[in-house]
Every structure is written in C-alpha cells, then in structure tokens.
Amino acid sequence: MSGLKEIARLADVSVSTVSNVLNGRKNVGQDTRERVLRLCSEHGYFPHKGTKSDKSNTIIFVFSDFDRDYYLKIIKGISHCLTENGYDLIICTNKSSTNFMRSKFASGTISLDRNMTDEYLVSVATPQFPVVLMDRIIDNEYANTKSVIVDNYPVMCEMVQALVDKGFKTFGYIGGLEFTLDHKERYAGFIDTLAKNGIVFDRRNYFHGDYSEESGYQAAKILVLSNVLPEVLVCANDNMALGAIKALEENGLRVPEDISITGFDNSDAAAMAGLTTIAIPRYESGYLAAKELLEMIKGTTGREPFKLNATIQWRKTVK
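Residues numbered from 1 in each chain as written. Predicted model: local features only at pLDDT ≥ 70, side-chain atom pairs only at ≥ 80, totals over all residues. Heavy atoms only, no water.

Considering the overall build of the protein chain
Looking only at helices and strands, one finds 13 helices and 12 strands in the protein chain. Long-range contacts, defined here as pairs at least 24 residues apart, represent 70% of the contacts in the protein chain between residues at least 6 apart. Element-wise, carbon and sulfur atoms account for 51% of the exposed surface of the protein chain, whose accessible area totals about 14,800 Å². (Helix = DSSP H or I, 4+ residues; strand = E, 2+ residues; numbered from the N terminus. Contact = heavy atoms within 4.5 Å. Areas by Shrake-Rupley, 256 points an atom, 1.4 Å probe, with all protein chains shown as cover.)

See the structure below:
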C-alpha cells in the first residue's frame, strides 16, 4: 500500500493536491485529478474512511475494448450528463477497477466490460453502490443493477427481411463472441428472419469472430477458399465487415458486384467505407446510462432494462 506522500511524488504534485483530489474538491485540474486517481488505483491507495463529498459526486465508467472507436461517443454522452448534474467521471480499465469499486470512493458505476464476471458485478452492486450495465443483462433479482441495451433483434430482422426482399437467397454470417448479448440477439434476428422466409441457412457459411477486424479478415479468407460465395455476407459488427472486405478485395473480389456485405454499429470507419450497417445511438446510450445511474442513486427508477432503437443505414456495399 502506497502512502499519500508516495502518490504525490509519483504524480509530481504536492501532498495537499492529492488530498484535495481524494476529498472531491474542485480546485484541481482535470488532468491532474485523473493522474492522481489513476496512480491511487494502480498502487492500491485510498483512505479507509470516505467522506460524504467523496461518495456524492464521483461515478466510475469501466470498459476494456479500446479498439472500438465509437466508445468515445459513449464516454462523451456519459460525461455530458454527469457534468450537467455536478458529478465527476473516472474512467478505468478492468485491472484497476477493483480498487475503485471495492472502496468508498464512488457513488456507482457504469460497466461496459465483458471481462467482468456476472458474479463480481452482483457482489459489488449493492443498495449503496448501484451498477448500470451496458449491452448486458444480469438475471439476479438481488443485485442493484439496471441494463441499458440496444434492441438488436427487431432491427436485424428488418435488415435481413429487406435483403430477402431485394432478391438475396444465399447468406453468410460472421458472428461475434457467442456469450455476448449482442451476438445472441443479432444472430437470432438473422436466423429467424431467414426461416420465416423459407430460406435454409447453410451452416458452412457461418463463421466465428470476436468483433475485431482481424477476425473478419480471417473468416473471409476461409470463405474464399470454399469457392462457393454466398450472395450476401452479414456481419455482427462493422470491424469484422471491414476486415472481410479487405480480405475479399485482396483476392480479386468486388463488393458489392461479387458479394454484398453488411455490418452493425455505424462506426466512423464504416461511414468512410460506404458500408451498409445498422446505426446505434452511442452518444445517447452513454447519456442515458448516466441518467439511469443517477436515478438509481436517488432511488427513483425501476429495474427493467432500457432498450435503445437502432436504424439501418443503406450504403454502397449492398447492390
């Protein structure tokens, strides 16, 4: 356990500055505040006795997937909501979050970290420390949690139905991590809509991905080797779709002339590439997650999940 003086030395600030940060005072710059709090987390230092001000104006946001650029939009939404309501925002990774969430430092947390187990989140989500989960639902009536999720299923059904109506009959699919809610709902929408239209999905055209561009690239390389391309490749997110396009083009195949491709998320990279995708209101999801957490702190909101609508963005990767 590092002491107050050690944290001050590492942060290159005075002991009084570290004290001001830990006591929630506003006379410290944001960069300095974040540096001090990061060092406190990394070195396991927090006062054993929290103050009321510590507890009343600090919210933690935990996430781990730094490859997905739209997370910055979520953070912006969270930050705007908290700033409007006089709260501070601390952003940390899974590794450092335990020190924050087990202390008396914050009033609650917003979690967008699939590496955190349900068991751990249930253990910290108490009446004194509510937790808002993004893109995830925990089925535990005793945990003080609320979920803010994208309503993936109906919009995936809508997009696949539109593809069928355009005349597509053979489909491929690159899925995400199979334990995630996003994957389960998106794939269910895909497969149910094909079945509704009497289209049998060939499981040889199903590929496992992990939401990364590399996994989409590798899946498409394997697809090319099969020598029998589906007419359209539906991907569970934009990163995998962009990776697939790269692999297909490297093999002399044209999108959409030889194969159409869709994604999911509407990242900035997808817009630049002209990718047909499904747009998720990421800024709004962050703002609403923060708003729901503040309501939980006040004890004025229910536990039912808050579902966000998404919309299709038709672009040039579908002919």
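Having seen the structure, we can now continue with the description.
Re the sheet that holds strand S4 (residues 131-134)
The strand order across the open sheet formed by six strands is S2-S1-S3-S4-S5-S11, and the pairing between neighbours is parallel. The sheet is open, and its two borders are formed by strand S2 (88-92) and strand S11 (306-308), each paired with just one other strand. Averaged over all pairs of adjacent strands, the angle between their axes in this sheet comes to 20°, without regard to strand direction. Relative to S4, strand S3 (residues 108-112) runs parallel, the two being bridged by three bridges. Within the sheet, the bridge partner assigned to Ile-110 lies in S4 and is Val-132. Across the sheet, helix H13 (residues 282-298) touches strand S1 (58-63), S3, S4, strand S5 (145-150) and S11, and the angle it forms with S4 is around 155°. (Pairing = 2+ DSSP bridges. Axes fitted to C-alpha atoms, helices over the stretch in contact; angles between N-to-C directions.)

Quick notes on the layout of surface pockets
Estimated volume of the largest pocket: approximately 380 Å³. Of all the secondary-structure elements, those providing two or more residues to the lining of the largest pocket are S3, S4 and helix H9 (181-196). Counted by class, the lining of the largest pocket contains nine nonpolar, five polar and eight charged residues. Domain assignment of the residues forming the lining of the largest pocket places at least three in each of domain 2 (58-149 + 282-307) and domain 3 (152-280). (1 Å grid on protein atoms, 1.4 Å probe; cavity = no way out; pocket = protein on both sides within 12 Å on 5 of 7 lines; lining within 4 Å. Points joined across faces, edges and corners; volume = space filled by probe spheres on them. Nonpolar A, V, L, I, M, F, W, Y, C, P; charged D, E, K, R; others polar. Domains from an automatic or database assignment.)

Thoughts on the environment of Ser-260
Along the chain, Ser-260 turns up in strand S9 (residues 260-262). Taking the C-alpha atoms as reference points, Ser-260 and Lys-319, 59 residues apart in sequence, are found 6.5 Å from one another. A polar contact is formed between the side chain of Ser-260 and the backbone nitrogen of Lys-319, at a distance of 3.3 Å. (Polar contact = N/O pair within 3.5 Å; in protein donor to acceptor, adjacent residues only side chain to side chain.)

Concerning the packing of aromatic side chains
Within a pair of aromatic rings, the relevant descriptors are the distance that separates the centres and the angle that separates the planes. Here the structure, examined in full by the defined rule, presents nine aromatic pairs. Centroid distance Phe-171 to Phe-190: 6.1 Å. Interplanar angle 70°. Geometry classified as edge-to-face. A residue pair is termed long-range when its members are at least 10 positions apart, and Phe-171 in strand S6 (residues 171-175) and Phe-190 in helix H9 qualify at 19 residues. With a relative accessible area of 0%, Phe-190 lands in the buried category. Here the aromatic cluster, defined as three or more aromatic residues joined through ring pairs, consists of Phe-171, Tyr-173, Tyr-187, Phe-190, Phe-201 and Tyr-206. Over the ring of Phe-264 we find Arg-186; its NZ or CZ atom is 3.7 Å from the centre of that ring. Over the face of the ring belonging to Tyr-206 we find Arg-203, whose NZ or CZ atom lies 4.3 Å from the ring centre. (Phe/Tyr/Trp six-rings, centres within 6.5 Å; stacked < 30°, edge-to-face > 60°. Buried < 20%, exposed > 50% of the residue type's maximum accessible area, 1.4 Å probe, protein only. Lys NZ or Arg CZ within 6 Å of the ring centre and 35° of its normal.)

Concerning the pattern of salt bridges
As enumerated under the stated definition, the model contains 11 salt bridges in all. Between Arg-9 and Glu-6 there is a salt bridge whose closest N-O contact spans 2.8 Å. Placement of both Arg-9 and Glu-6 in helix H1 (residues 4-11) is noted, with a separation of three residues, approximately one turn of the helix. Taking the relative accessible area as the measure of exposure, Arg-9 reaches 54% and is therefore exposed. Here Glu-295 makes a salt bridge to Lys-298, at a shortest N to O gap of 3.9 Å. In this pair, Glu-295 and Lys-298 are both assigned in helix H13, three residues apart and thus about one turn of the helix distant. (Salt bridge = Lys/Arg side-chain N within 4 Å of Asp/Glu carboxyl O.)

Things to note about the packing of helix H8 (residues 152-165) against H9
Interhelical geometry of H8 versus H9 gives an angle of 35° and a closest axis separation of 8 Å. Crossing of H8 against H9: the hand is right-handed. Residues Asn-152, Tyr-153, Met-156, Cys-157, Val-160, Gln-161 and Val-164 of H8 form the contact with H9, whose participating residues are Asp-182, Glu-185, Arg-186, Ala-188, Gly-189, Phe-190, Asp-192, Thr-193, Leu-194 and Lys-196. A class-by-class count of the residues in the contact of H8 with H9 yields eight nonpolar, four polar and five charged. (Left-handed = near helix turned anticlockwise from the far one by under 90°.)

With respect to the pairing of S4
Both faces of the sheet carry side chains from a regular strand, because those side chains alternate between them. Of the two faces of S4, both are covered, the one formed by Val-131 and Leu-133 as well as the one formed by Val-132 and Met-134. Assessed by its sense of winding, the connection that carries the chain from S3 through helix H7 (residues 118-124) to S4 is right-handed. Direction of pairing for S4 relative to S5: parallel, over a ladder of four bridges. Residue pairing in the sheet places Met-134 in a bridge with Val-148 of S5. (Right-handed = clockwise from strand over helix to strand, strands pointing away.)

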